[in-house]
Amino acid sequence: MSRTTDLQKNLFGGTTSNARQFGMISTLVAIVLLFQIWTDGLTLTSGNLIAVVSQYSYILILAIGMLMVIVAGHIDLSVGSVAAFTGIVVAKAMQEYDLPWPLGIALGLLVGAAIGAWQGFWVAYIGVPAFIVTLAGMLLFRGGNQYIGNADTVPVPEGFRKIGAGFLPEVGPDTGYNNLTLLLGVAACAGVLWREWTARRTRREMKADLAPLWVTGIRLAVMFGVIVFATLRFAGGRIGTSLPISGIILIVLVLVYSHYTRNTIGGRHIYAVGGNARAAELSGVKLKRVNFLVMMNMSVLAALAGMIFVARSSASGPQDGLSWELDAIAAVFIGGAAVSGGLGTVSGSIVGGLVMALLNNGLQLEGVGSDMVQIIKGLVLLLAVAFDVYNKSQGRFSIIGALTRPFRRDDPAAPAPPAAPNSDADKATIAG
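Parameters and conventions
Residues numbered from 1 in each chain as written. Predicted model: local features only at pLDDT ≥ 70, side-chain atom pairs only at ≥ 80, totals over all residues. Heavy atoms only, no water. Helix = DSSP H or I, 4+ residues; strand = E, 2+ residues; numbered from the N terminus. Buried < 20%, exposed > 50% of the residue type's maximum accessible area, 1.4 Å probe, protein only. Contact = heavy atoms within 4.5 Å. Areas by Shrake-Rupley, 256 points an atom, 1.4 Å probe, with all protein chains shown as cover. Axes fitted to C-alpha atoms, helices over the stretch in contact; angles between N-to-C directions. Left-handed = near helix turned anticlockwise from the far one by under 90°. Nonpolar A, V, L, I, M, F, W, Y, C, P; charged D, E, K, R; others polar. Phe/Tyr/Trp six-rings, centres within 6.5 Å; stacked < 30°, edge-to-face > 60°. Core = buried A, V, L, I, M, F, W, Y, C linked by side-chain atoms within 4.5 Å. Patch = residues over 30% accessible without salt bridge, like charges linked within 9 Å, V, L, I, M, F, W, Y side chains within 5 Å. Salt bridge = Lys/Arg side-chain N within 4 Å of Asp/Glu carboxyl O. pLDDT = per-residue confidence, 0-100.

Undergrad: What's the story with the overall build of the chain in this structure? I'm lost.
TA: Counting its secondary structure elements, the chain contains 18 helices and two strands. With 432 residues in all, the chain has 47% of them scored as buried. In the chain, the share of contacts with a sequence separation of at least 24, taken over all contacts with a separation of at least 6, comes to 77%. Taken as a whole, the chain presents about 21,400 Å² of accessible surface, with 67% of it coming from carbon and sulfur.

Undergrad: How should the packing of helix 3 (residues 46–71) against helix 14 (residues 324–334) be read in this particular structure?
TA: Working note: a packed helix pair is described by the angle between its axes plus the distance between those axes. In contact at an axis separation of 8 Å, helix 3 and helix 14 are set at 65° when each is read in the N-to-C sense. The handedness of the crossing between helix 3 and helix 14 comes out as right-handed. Two secondary-structure elements touch here, helix 3 through Tyr58, Ile59, Leu62, Ala63, Met66, Leu67 and Ile70 and helix 14 through Trp324, Glu325, Asp327, Ala328, Ile329, Ala331, Val332 and Phe333. Here the residues of the contact of helix 3 with helix 14 sort into 13 nonpolar, no polar and two charged.

Undergrad: Any chance you could explain the packing of aromatic side chains here in plain terms?
TA: For any two aromatic rings, the description comes down to two numbers: the centre-to-centre distance and the angle of the planes. The final tally for this structure, using the stated rule, is nine aromatic pairs. Where Phe35 meets Trp38, the ring centres are 5.5 Å apart and the plane angle is 20°; that geometry is what we call stacked. With Phe35 and Trp38 both in helix 2 (residues 25–38) and three residues apart, the pair spans about one turn of that helix. Judged by relative accessible area, Trp38 falls into the partly exposed class, the value being 42%.

Undergrad: Help me out: how do you make sense of the nonpolar core in this one?
TA: A general feature of soluble globular proteins is that nonpolar side chains tend to end up buried together. Counting residues in each nonpolar core, the largest one holds 68 residues, and the members touching the most others are Leu62, Ile64, Met66 and Phe160. For this core, the leading source of residues is helix 13 (residues 287–313), giving 14 residues. The contacts of Leu62, once residues within four sequence positions are left out, are Val79, Met298, Leu301, Ala302, Ala305, Trp324 and Ala328. With 19 residues, the next largest nonpolar core counts Leu28, Leu49, Tyr56 and Leu243 among its residues.

Undergrad: Quick question: what am I supposed to make of a nonpolar patch on the surface here?
TA: Taken together, the side chains of Trp118, Phe121, Trp122, Tyr125, Ile126 and Leu140 make up a nonpolar region of the molecular surface, amounting to roughly 600 Å² of accessible area. Among the elements that make up the nonpolar patch, the one with the highest residue count is helix 5 (residues 101–126) (five residues). Positionally, Ile126 belongs in helix 5.

Undergrad: Please clarify how the confidence of the model for the chain should be interpreted in this entry.
TA: Caution applies to low-pLDDT regions: their predicted coordinates should not be interpreted in detail. On average, the chain scores 84 in pLDDT, and the residues at 70 or more come to 83%. Predicted confidence for residues 12–23 stays below pLDDT 50, and this span has 38 contacts to residues more than four positions away or in other chains. Predicted confidence for residues 396–432 stays below pLDDT 50, and this span has 45 contacts to residues more than four positions away or in other chains.

Undergrad: Just checking my understanding: could you explain the side chain of Thr134 for this structure?
TA: Within the element layout of this structure, Thr134 appears in helix 6 (residues 130–149). The class of Thr134 is buried, set by a relative accessible area of 0%. Discounting residues that sit within four places of it in the chain, Thr134 has contacts with Ile75, Asp76, Leu77, Ser78, Gln119 and Met295.

Undergrad: Looking at this model, I keep getting lost on unusual backbone geometry. Mind explaining?
TA: Glycine aside, residues mostly have negative phi, and peptide bonds are mostly found in the trans state. Phi at Asp40 is positive, roughly 60°, even though this residue is not glycine. Within the secondary structure, Asp40 is located in the loop between helix 2 and helix 3. With a phi angle near 65°, Ser323 is a residue other than glycine that sits in the positive phi range. Within the fold, Ser323 resides in the loop between strand 2 (315–316) and helix 14. Note on Ser323: relative accessible area 39%, which makes it partly exposed.

Undergrad: Quick question: what am I supposed to make of the environment of Leu107 here?
TA: Locating Leu107 in the fold gives a position in helix 5. In this structure, the C-alpha to C-alpha distance between Leu107 and Ala93, residues 14 residues apart in sequence, is 8.9 Å. Setting aside residues up to four positions removed in sequence, Leu107 forms contacts with Val89, Ala93 and Leu99.

If you want it as structure tokens, here you go:
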């Protein structure tokens, strides 16, 4: 096998490649490079990257929950309204009842869980399609937001604003960078190295094929390069800014949900239900419980996203959450999820969300009007998915196909040819 084949198989599509989980990474890189040139270097400045994470972290949080909903074969149209409703409830509780902001966050999560239980009950136990339930929820909770807030803005206290507008504090000696952000970068590099080492050790113990060491070295070098670059960008912002608190919340959620969906029984049950609900139920999967928990989890994450947005905006208002569900759904489908369910990854959805976020950010930096931004985003979504689906149908390299390869169920092995009869009894059986 040539070095080129080794590199292609193991770095970008083989069974030992982590890169296949980032199905739209090439599109993301192309968008970054395009706008980096177009904006004369503004896209990758520390200030702009910090602003992107701060402004779009709530959409990426929604994309995590929406992925699980779509993988299970459903859709949730209510996430924007749930976020807005939770935001106004928490803001009112802190303003009128002097509720401490930590308890306000807990209240918001409980409100999200209650809404999720309500919608999950109708979907899982009554059998109403999630599209209808969440469409009703979109209207119900949007009206609830305006009723409770009297269609007015409600400010939130300073402490609460930290989760949406706060940054890692400055500690330790003056290095010219934010030291805590630097430590997070070092920890990320160590985590990548440990994961690669344990993966190779596990495959060696299983006597499975290992990627050549030089391919592993290239993969690690690329990942280290990305981590180091991002660390220095976020740590090198103006004084008082660094990695946003909302970004840290997002990172924690990505790690937790990636582990859950890939390495736990509950996570695999979600994929089983989305792939074939009837077969999953016959195999012992508790179908109703899976659907209930998926819908409930989505509303909890929507509540969290709503609180982060309100914290960043310093107030809750009647226009919060408008069209958030569309951005979250677009992120998930660009990231490789299948419309019919059963396929998709958390990391792919995050990359899909970053594609939309950086596209939106780059167009804004160039002064493109909001009308054209919506038109371009819609075309990019349609063309990106259509081009990938076409390539897959033609047997060519497919970005989404590479992303979904670990979970694919539609590629059965070719049936083995029947064995030649070697006895008179066998011949009689075939003839009969």
